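Each chain is listed here by its residues.
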There are 2 protein chains.
Amino acid sequence: MKLWEDKVRRTVPYTPGEQPQGTNLIKLNTNENPYPPAPGVEAVKNTMDTGRLRLYPDPSAGVLVDALAEYYHVGKDQVFVGVGSDDVLSVAFLTFFNSQKPVLFPDITYSFYPVWADIYRIPYETRPLDEDFRIRPQDYYGDNGGIVFPNPNAPTACYESLETVEEILKHNRDVVVIVDEAYIDFAGDGKSALKLLDKYDNLLVVQTFSKSRSMAGLRIGYAMGCPELIRAMNDVKYSINSYTMNLPSLLMGAEAVKDKAYFETCVAKIKATREKTKERLAALGFEFPDSQANFIFAKHPDYEGKELFEALRRQSIFVRYFDKPRIDQYLRITVGTDEQMDVLMKFFEEYMA
Amino acid sequence: MKLWEDKVRRTVPYTPGEQPQGTNLIKLNTNENPYPPAPGVEAVKNTMDTGRLRLYPDPSAGVLVDALAEYYHVGKDQVFVGVGSDDVLSVAFLTFFNSQKPVLFPDITYSFYPVWADIYRIPYETRPLDEDFRIRPQDYYGDNGGIVFPNPNAPTACYESLETVEEILKHNRDVVVIVDEAYIDFAGDGKSALKLLDKYDNLLVVQTFSKSRSMAGLRIGYAMGCPELIRAMNDVKYSINSYTMNLPSLLMGAEAVKDKAYFETCVAKIKATREKTKERLAALGFEFPDSQANFIFAKHPDYEGKELFEALRRQSIFVRYFDKPRIDQYLRITVGTDEQMDVLMKFFEEYMA
């Protein structure tokens, strides 16, 4: 016991999915994109002048904010960027959840939410998803300090309609409602809550480059909301770290946004692979809520989730397993390439033969 | 007034030095390095596979931590890395300053300290520097919740001896003492408090790639301390953002550390320019505490600080001016290249002729 230890902030950190090293492994455990970033990213990298690294980057991240504002047809003062959507969500928790009332989120959801609440001493309560893993909007109508949920949800991959989202927004005009849309691009066009931005000044939509844009390694997330919400987040950001986005992130990130055609092609390929995988999993007897994300949350009535997880692991096929109440029979399987899914399905077919 | 506004965290953000755009300007306002990063950085950039960006980076930042541990001859479990030293210091404040007692730092110092204290609701008290802008160690001997000071101090550029640092450590074994060494490499060999690491488990030394390593644009800072201190910081980091260091930072940062010869050459050039600049400033009647950093904190008995700052600005020469008690007559002038300092000094010579 060190003398200073009683002044240390106690916390139970989030556990990220493992990052196994080596070749010949199939990595379907952290919902990464199997395809490389847009080709323009390589070109921007090649022309990036490393001499410029001696200077601080633009603290307002102008080039990246501008690219996102143009892409999503929102004002530049409606975009906040951060070091992955985890950074963005963390800043949003710290900025907006300062009442003494509990923040609400589903019982089965992104497991970082309770961690941020704990580290920032924010009270919270969970609301159980129904038996089909769906959100019951009326659970979120009571007095509360704010609301956050992913759509599609993780790890269930369930998408809630914009009607459900709007009901929650409508009943909570006096608190900030964060819709965490890390996987929204896999749900299809017109599914994002961005549509509701003009109508609700209490809506913050959070998205990321880590999934549909193939850039988990660059660490870029962003939030969109009314200018007052974004200004409040920037005030907090400038109270923690003025320069969060480094030069490579700014330049390569901005470029990635510009190539809409490549982005749409990759997303379409992943969705096609997902639909084929759903059919094959169902044919084998797997059960899963309908996935609108780049992963499938599946269980098998005849096999323990943990057993399957470990059997796959022995074959260097990595999926995600959560040893938690209600979901300890499930595997969260990232949708990779057709070839990767073939290997996975072949394994299941042999294992269950 | 939005309905949700009463739940927003109020804060007065840190104001970073301006980032003027354009060519033909002389930028001596944010203590950047006038020389580019080590040549190996360009080579690493060129071989970096952008295809790897689709994957999450190593959350433990292994390649960068290993390079730093080897360079500084400390254990890998003694190194923490973050998105610039601002990120590292912010995590350290949140991790270590959790008593209800005030944290202590000098009245004239890095102006981010009170901002972090405010955002994290940490009580603090300042201790005045003496008339020569020096720390009086006995000011830090009372009961407190932790201590932080830069060495060399900013914006004064004064270096405090390791005897002074050790006195403060010795009298505060029950709290964490953070020595913020952003500018230490310009003070000379053997001046870092790293020497005291083995002796004091309450010492955290923070350094950065933004100054002596010419990489402000890559956002890399690091802290070194006993393994228990580093573990506590990592627990907090993993409670905020699992993956803070992106792939370019990991690869280029690790490479920069390896080229000791280039690093030492650049630092020596800046120190030589600093010494020449001191002589020329003194000859013109400027007064300044002796600088052991890559900037000089100077005032002139016959000219208002603000007047000089604005006159320089009209010539596109940017220095830093702080409109604050005790230091509102001073300019903080970054040491650039010999050529840049020639332009600056020629301006002063003509202005004061």
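Quick note: structure is the one above.
The structure contained in this document is the topic of the report that follows.

### Observations regarding the interface of chain B and chain A
Contact with chain B, which involves 82 residues of that partner, is made by 82 residues of chain A. Interface area for chain B against chain A, summed over the two sides, is near 6,800 Å², with a carbon-plus-sulfur share of 59%. Our count for the chain B to chain A interface comes out at four salt bridges. Where E228 of chain B meets K2 of chain A, a salt bridge forms, and the shortest distance between an N and an O atom there is 3.9 Å. Where chain B packs against chain A, one counts 52 residue pairs in polar contact (both at pLDDT 80 or more). It is helix α3 (residues 84-96) of chain B that contributes the most residues to the side of chain B that touches chain A, six residues altogether. Its residues assigned to classes, the side of chain B that touches chain A comprises 43 nonpolar, 23 polar and 16 charged.

### Looking at the packing of aromatic side chains
Counted according to the given criterion, the structure contains 54 aromatic pairs over all chains. Ring plane angle 70° and centroid distance 6.1 Å describe the contact between Y110 of chain B and W116 of chain B, whose orientation is recorded as edge-to-face. With a relative accessible area of 18%, Y110 of chain B lands in the buried category. Feature note: the residues Y14, F93, F97, F105, Y110, F112, Y113, W116 and Y124 of chain A constitute an aromatic cluster, connected by ring pairs. The ring of Y71 of chain A has K260 of chain A sitting right over it, with the charged end atom 5.3 Å from the ring centre.

### Some details on the relation of the copies chain B and chain A
The two copies are related by a screw motion: chain B maps onto chain A through a turn of 180° and a shift of 0.0 Å along the axis, at an RMSD of 0.0 Å. What the rotation and shift describe, once combined, is the action of a two-fold rotation axis.

### Some thoughts on the pattern of salt bridges
By the definition in use, this model includes 40 salt bridges over all chains. K2 of chain B is paired through a salt bridge with D201 of chain A; the nearest N and O atoms lie 3.5 Å apart. Residue K2 of chain B is located in the segment before β1 (26-27), and its partner D201 of chain A is located in the loop between β6 (177-180) and β7 (203-208); the two belong to separate chains. Classification of K2 of chain B by relative accessible area gives partly exposed; the value is 21%. Its salt-bridge partner being E125 of chain B, residue R127 of chain B comes within 3.2 Å of it at the nearest N-O pair. We classify R127 of chain B as partly exposed; its relative accessible area is 22%. Look at E125 of chain B and you get partly exposed, because its relative accessible area is 34%. Beyond isolated ion pairs, a larger network of salt bridges with shared partners links R274, E275, K278 and D290 of chain A.

### Some points on the sheet that holds strand β9 (residues 295-298) of chain A
Spatially, three strands are ordered β9-β12-β11 (chain A) in an open sheet, and the strand pairing comes out antiparallel. Only two strands of the sheet have a single partner each, and these edge strands are β9 and β11 (320-321) of chain A.

### What about the pairing of β7 of chain A?
Residue and element names in this part refer to chain A. β7 sits mainly inside the fold: six of its six residues count as buried. Where burial is concerned, the two faces of β7 agree: the one with L203, V205 and Q207 and the one with L204, V206 and T208 are both buried. With four bridges connecting them, β7 and strand β8 (residues 221-224) associate as antiparallel partners. Following the sheet pairing, V205 is matched in β8 by M224.

### Remarks on the environment of L28 of chain B
All names here are of chain B. By secondary structure assignment, the location of L28 is in the loop between β1 and α1 (39-47). Separated by 258 residues in the primary sequence, L28 and F286 place their C-alpha atoms 17 Å from one another. When neighbours within four sequence positions are excluded, L28 is seen to be in contact with F318, V319, R320, R332, I333, T334, G336, Q340, M341 and L344.

### Considerations on helix α8 (residues 260-283) of chain A
Residues and elements named next belong to chain A. Compared with the 34 Å implied by 1.5 Å per residue over 24 residues, the 35 Å span of α8 between its first and last C-alpha is a close match. Where α8 is concerned, the buried positions are F263, C266, V267, I270, T273, R274, T277, K278 and L281. The secondary structure elements touched by the buried residues of α8 are α2 (62-72), β9 and α10 (338-351).

### So, the layout of surface pockets
Residue and element names in this part refer to chain B. As a volume, the largest pocket reaches approximately 940 Å³. What lines the largest pocket is a set of 48 residues, and nearest its centre among them are Y14, Y110, S111, R320 and F322. Listing elements by their share of the lining of the largest pocket, those giving two or more residues are α3, β3 (103-106), α4 (113-119), β4 (124-127) and β11 (320-321). The dominant element in the lining of the largest pocket, judged by the number of residues it contributes, is α3, at three residues. For the lining of the largest pocket, a count of residues per class yields 25 nonpolar, 12 polar and 11 charged.

Quick notes on the rules
- Residues numbered from 1 in each chain as written.
- Chains lettered and ligands numbered in written order.
- Predicted model: local features only at pLDDT ≥ 70, side-chain atom pairs only at ≥ 80, totals over all residues.
- Heavy atoms only, no water.
- Contact = heavy atoms within 4.5 Å.
- Buried area = accessible area lost by both parts, 1.4 Å probe.
- Salt bridge = Lys/Arg side-chain N within 4 Å of Asp/Glu carboxyl O.
- Polar contact = N/O pair within 3.5 Å; in protein donor to acceptor, adjacent residues only side chain to side chain.
- Helix = DSSP H or I, 4+ residues; strand = E, 2+ residues; numbered from the N terminus.
- Nonpolar A, V, L, I, M, F, W, Y, C, P; charged D, E, K, R; others polar.
- Phe/Tyr/Trp six-rings, centres within 6.5 Å; stacked < 30°, edge-to-face > 60°.
- Buried < 20%, exposed > 50% of the residue type's maximum accessible area, 1.4 Å probe, protein only.
- Lys NZ or Arg CZ within 6 Å of the ring centre and 35° of its normal.
- Least-squares fit on C-alpha atoms with pLDDT ≥ 70 in both.
- Pairing = 2+ DSSP bridges.
- Expected span 1.5 Å × (residues − 1).
- 1 Å grid on protein atoms, 1.4 Å probe; cavity = no way out; pocket = protein on both sides within 12 Å on 5 of 7 lines; lining within 4 Å.
- Points joined across faces, edges and corners; volume = space filled by probe spheres on them.

That's the geometry; what it means functionally is another story.
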